[in-house]
Amino acid sequence: IHFYIVYHGLNDRYIQELIIQTYKLHISNLNYVSSHLTTKNQLTTSNTSNKKRIGFISKYFGIFEPHGMLLDGIMKYLPNQLYDVYILAIARTDGKPLDSNIASYATKVVDISLVHEYAMKQIEVLQLDVLIFADVLSEPINHFLAHSRFASVQIAFWGNPITSASQHIDYFISGEYLEHPYRTHIRSNNDPYVEQVILLEGQGIWYDRPIKPEETIRLANLSLDSRILTSNRTEFELS
């Protein structure tokens, strides 16, 4: 999906917006709003508890998938007395099972269809309060779902560090070290995001602390003078 010039340090917000305008000419339900969010239906929600329903959606919640790993601790430490966590796992075509840690944090796991209209219905019936897109430009289903509204608050996480250009994404979660140091001084017409940007401390991600190098060497049955080559990217992204 289109997000190439940002790799060259350029602002492609306007390209994203033009593409979305093109979509609107040809996709009738692109700006769909879930029925429970309309004024006349707001009092008929099926949520009888005081907990807020938070959904996390992505196709990349399989084992060792970076988008899921970035949010792992966020899901884990949401206080369960306040929130019900819904994992919306878009059908994976690579054979990877859903990460067992992510599944264990969920109040409910919902397998989301690869058929856009059916996926919309699956999400709508959950009547979510918050919906978090782990990524919006990595594959088509999440990309198009992000242009409809299924929750009162919808958030894009930086699985793709670029604006969604969607009128239905309210906030973009990023980190203070991931954005221009003077981004708060950027004029609105030059801002690379259409969403309100929330800057978390550092990189705004969660990773489990890696085991000590000495322990890694011991587990691999290597000597201390062994030469070890590492890659900061996953193999499928290098192929």
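Note that the coordinates shown come from a computational prediction; the quantities given were computed from them, not determined experimentally.

(A) Here's a closer look at the sheet that holds strand 4 (residues 128-133). In spatial order, the strands read 3-2-1-4-5-6-7; together these seven strands make up an open sheet with parallel pairing. With partners counted over all chains shown, the strands left at the sheet margins are strand 3 (108-112) and strand 7 (196-200), one partner each. Looking at each pair of strands side by side, their axes are set apart by 25 degrees on average, direction ignored. Alignment of strand 4 against strand 5 (residues 151-157), held across five bridges, turns out to be parallel. Within the sheet, the bridge partner assigned to valine 130 lies in strand 5 and is valine 153. Those strands touched by helix 2 (residues 66-76) are strand 1 (52-58), strand 2 (83-90) and strand 5, and its axis lies near 165 degrees from that of strand 1. Contacts between helix 4 (residues 116-124) and the sheet are confined to strand 1, strand 2, strand 3 and strand 4, with strand 3 contributing the most and set at about 165 degrees to the helix.

(B) Structural context of the environment of proline 161. By the secondary structure assignment, proline 161 is in the loop between strand 5 and strand 6 (171-175). Exposure remark for proline 161: the relative accessible area of 49% places this residue in the partly exposed category. Sequence separation of proline 161 and phenylalanine 172 is eleven residues, and the distance between their C-alpha atoms is 9.1 Å. Discounting chain neighbours no more than four positions away, the residues touching proline 161 are Phe172 and Tyr193.

(C) Representation of the pattern of salt bridges in the model. Inspection of every chain in the model, using the stated rule, returns five salt bridges. The closest approach of N and O atoms between aspartate 84 and lysine 51, which form a salt bridge, is 3.6 Å. Placement of the pair is aspartate 84 in strand 2 and lysine 51 in the loop between helix 1 (13-26) and strand 1, with a sequence separation of 33 residues. Relative accessible area serves as the criterion here: at 13%, aspartate 84 is assigned to the buried category. Given the relative accessible area of 29%, lysine 51 is considered partly exposed.

(D) Highlighting the packing of aromatic side chains. A complete count under the given rule lists three aromatic pairs for this structure. Look at phenylalanine 172 and tyrosine 193: their rings are 4.6 Å apart centre to centre, the planes differ by 45 degrees, and that puts the pair in the tilted class. Placement of the pair is phenylalanine 172 in strand 6 and tyrosine 193 in the loop between strand 6 and strand 7, with a sequence separation of 21 residues. Across the pair, tyrosine 193 and phenylalanine 172 agree in class, each one buried.

About the criteria used
- Residues numbered from 1 in each chain as written.
- Predicted model: local features only at pLDDT ≥ 70, side-chain atom pairs only at ≥ 80, totals over all residues.
- Heavy atoms only, no water.
- Pairing = 2+ DSSP bridges.
- Helix = DSSP H or I, 4+ residues; strand = E, 2+ residues; numbered from the N terminus.
- Axes fitted to C-alpha atoms, helices over the stretch in contact; angles between N-to-C directions.
- Contact = heavy atoms within 4.5 Å.
- Buried < 20%, exposed > 50% of the residue type's maximum accessible area, 1.4 Å probe, protein only.
- Salt bridge = Lys/Arg side-chain N within 4 Å of Asp/Glu carboxyl O.
- Phe/Tyr/Trp six-rings, centres within 6.5 Å; stacked < 30°, edge-to-face > 60°.

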